[in-house]
Amino acid sequence: MTAARLTPPAASALELIGATPMLELTGFDTGPCRLFVKLESANPGGSIKDRVARSMIEAAEADGSLKPGGTIVEATAGNTGLGLAQVGVLKGYKILLVVPDKMSREKIQHLRALGVDVRITRSDVGKGHPEYYQDMAERLAADIPGAIYINQFANPANPKAHETTTGPEILEQMGGDIDAMVVGVGSGGTLTGLGRFFAKTSPKTRMVLADPEGSILAPLVNTGKLIEPGSWVVEGIGEDFVPTNCDLSFVSAAYSIPDAESIGVARELLTRAGVLGGSSTGALLAGALRYCREQTEPKRVVTLVCDTGAKYLSKVYNDSWLAEQGLTERTLHGDLRDLIARSPAEGAAVTVGPADTLLTAYNRMRAADVSQLPVLDGGRLIGLIDESDLLDAVEDSKPEKRFSQPVAAAMTAKLDTLQAGDPLEALLPVFERDQVAIVLDGREFVGLITRIDLINYLRRAA
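Residues numbered from 1 in each chain as written. Predicted model: local features only at pLDDT ≥ 70, side-chain atom pairs only at ≥ 80, totals over all residues. Heavy atoms only, no water.

**A short note on the packing of helix α11 (residues 358-368) against helix α12 (residues 387-395)**
The N-to-C vectors of α11 and α12 enclose an angle of 145 degrees; their axes lie 11 Å apart at closest approach. Crossing hand, α11 versus α12: left-handed. Contacts between α11 and α12 involve L358, Y362 and M365 from the first element and E387, L390, A393 and V394 from the second. Within the contact of α11 with α12, the residues separate by chemical class into six nonpolar, no polar and one charged. (Axes fitted to C-alpha atoms, helices over the stretch in contact; angles between N-to-C directions. Helix = DSSP H or I, 4+ residues; strand = E, 2+ residues; numbered from the N terminus. Left-handed = near helix turned anticlockwise from the far one by under 90°. Contact = heavy atoms within 4.5 Å. Nonpolar A, V, L, I, M, F, W, Y, C, P; charged D, E, K, R; others polar.)

Following this line, the structure appears as structure tokens:
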């Protein structure tokens, strides 16, 4: 970077919102097209929603609905909430967010670190249900003195942020030459704001929708019919209704992107371009690649890195989580091995050795968020240590020796095991005894099965 491209120090993080870089992707099959990504992950809050948050808060300040010391209430899958906190906290407002329970752990931790009041609700219910996140947020705002429900889904300051900042930046960075813009829809602000801007300034620019499979929006564009909404793991985009801010008339082409494709492409973006993007970025890039490969003439296509993938390390970039969701290609055996999320053969199992200390066992349980660890000696299973074993051992020891004891002193060596070929029903008696299922293939240890592993398996099979 040369000195000419550097800017003076900013007085506030609010001044760092926008003016994000553009990157051309060269490591992908883009057919005859050139593909560019605008790195909205470079905003101070890590996502494109910083723009929207600033716009909506400033509009509420201007019309007098948001007064000093007031409370901002919103329903969000994460990034709008983070943007509202990023802007609102610096301006002295309280933030209360209602978020669906599929939101990543990193986003919730980020919000709570900012001092946000986070209320988690169900993600499996639709509009009109009392626990639907938007309806709950609206009720809470009505009950709190000095609170406003900022409502990104219908707030006109949402699309205005993109019409007045994102769009002009893209057109300038692309030298006024852009053939297609690929976006997703969560609230509809990006689609509508950019659609309005390009309609006025670059009529040749086509708006392309990348939508998670299960969302109603792409099927509505392609068939004109509303489908029954499904479910998807991609966060931040896709809807079970058409938001007020979403003007689908701007869309020229729409793609339904399966979760596995979205996540696979997001991971490719990291390994091929060194860009760490979130799950919605994977969906947008997958849609952009489909569009590019369908073209017969060269086009200049732009999409967005909506947010940083640092918010999805426990999901998109976690092989064990992907296996639990059925989003990885793995060899199926037609037996109990198909239920094992962390396989020793694949190097995914978290284990300890008999000579390791109880502190090591404790640290590995905490880091992997598991309640029990297989004890392996030279690759052979010789025991199991769980939270109860650990607690009993440290309670019965002198303080200075509690966690320095070897795992062998606390583990359970007498193990009830199952064979990989045993029927699914063989798991139930194990769980009724409040145990974890230890699965062997002959004498070889192949993994553990917990209740949640069985639940995940049944959910995928449904």
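**A closer look at the sheet that holds strand β2 (residues 34-39)**
Judged by pairing direction, the sheet is mixed, and its six strands sit side by side in the order β1-β2-β10-β7-β8-β9 without closing on themselves. Only two strands of the sheet have a single neighbouring strand rather than two, namely β1 (22-25) and β9 (251-257). Across the sheet, the axes of successive neighbouring strands diverge by a mean angle of 25 degrees, strand direction being ignored. By the bridge criterion, two bridges tie strand β7 (residues 180-183) to strand β10 (residues 300-305) in an arrangement that is parallel. Paired with M181 across the two strands is V302, which belongs to β10. Most of the contacts of helix α9 (residues 279-294) go to β9, to which it runs at about 120 degrees, and overall it touches β1, β2, β7, β8 (206-212), β9 and β10. (Pairing = 2+ DSSP bridges.)

**Side note on the side chain of T166**
Within the element layout of this structure, T166 appears in helix α5 (residues 157-173). A distance of 3.4 Å separates the side chain of T166 from the side chain of R51, its partner in a polar contact. (Polar contact = N/O pair within 3.5 Å; in protein donor to acceptor, adjacent residues only side chain to side chain.)

**Some points on the pattern of salt bridges**
Summed over the entire model, instances satisfying the criterion amount to 22 salt bridges. For E235, the salt bridge is made with K315, and the minimal N-O distance between the two is 3.2 Å. Highlighted residues: E235 in the loop between α7 (217-223) and β9 and K315 in the loop between β10 and α10 (319-324), separated in sequence by 80 residues. Taking relative accessible area as the criterion, K315 reaches 12% and is therefore assigned buried. Salt bridges here are not isolated pairs; linked through shared partners, they connect K38, E40, R51 and E169. (Salt bridge = Lys/Arg side-chain N within 4 Å of Asp/Glu carboxyl O. Buried < 20%, exposed > 50% of the residue type's maximum accessible area, 1.4 Å probe, protein only.)

**Brief notes about the environment of K200**
Positionally, K200 belongs in helix α6 (residues 189-201). Taking C-alpha positions, K200 is 42 Å from S314, a pair spaced 114 residues apart along the chain.

**A word on the state of the cysteines**
This model, assessed by the stated rule, comprises zero disulfides. With no disulfide partner, C33 has as its closest neighbouring cysteine sulfur the one in C292, 4.3 Å distant. (Disulfide = S-S within 2.5 Å.)

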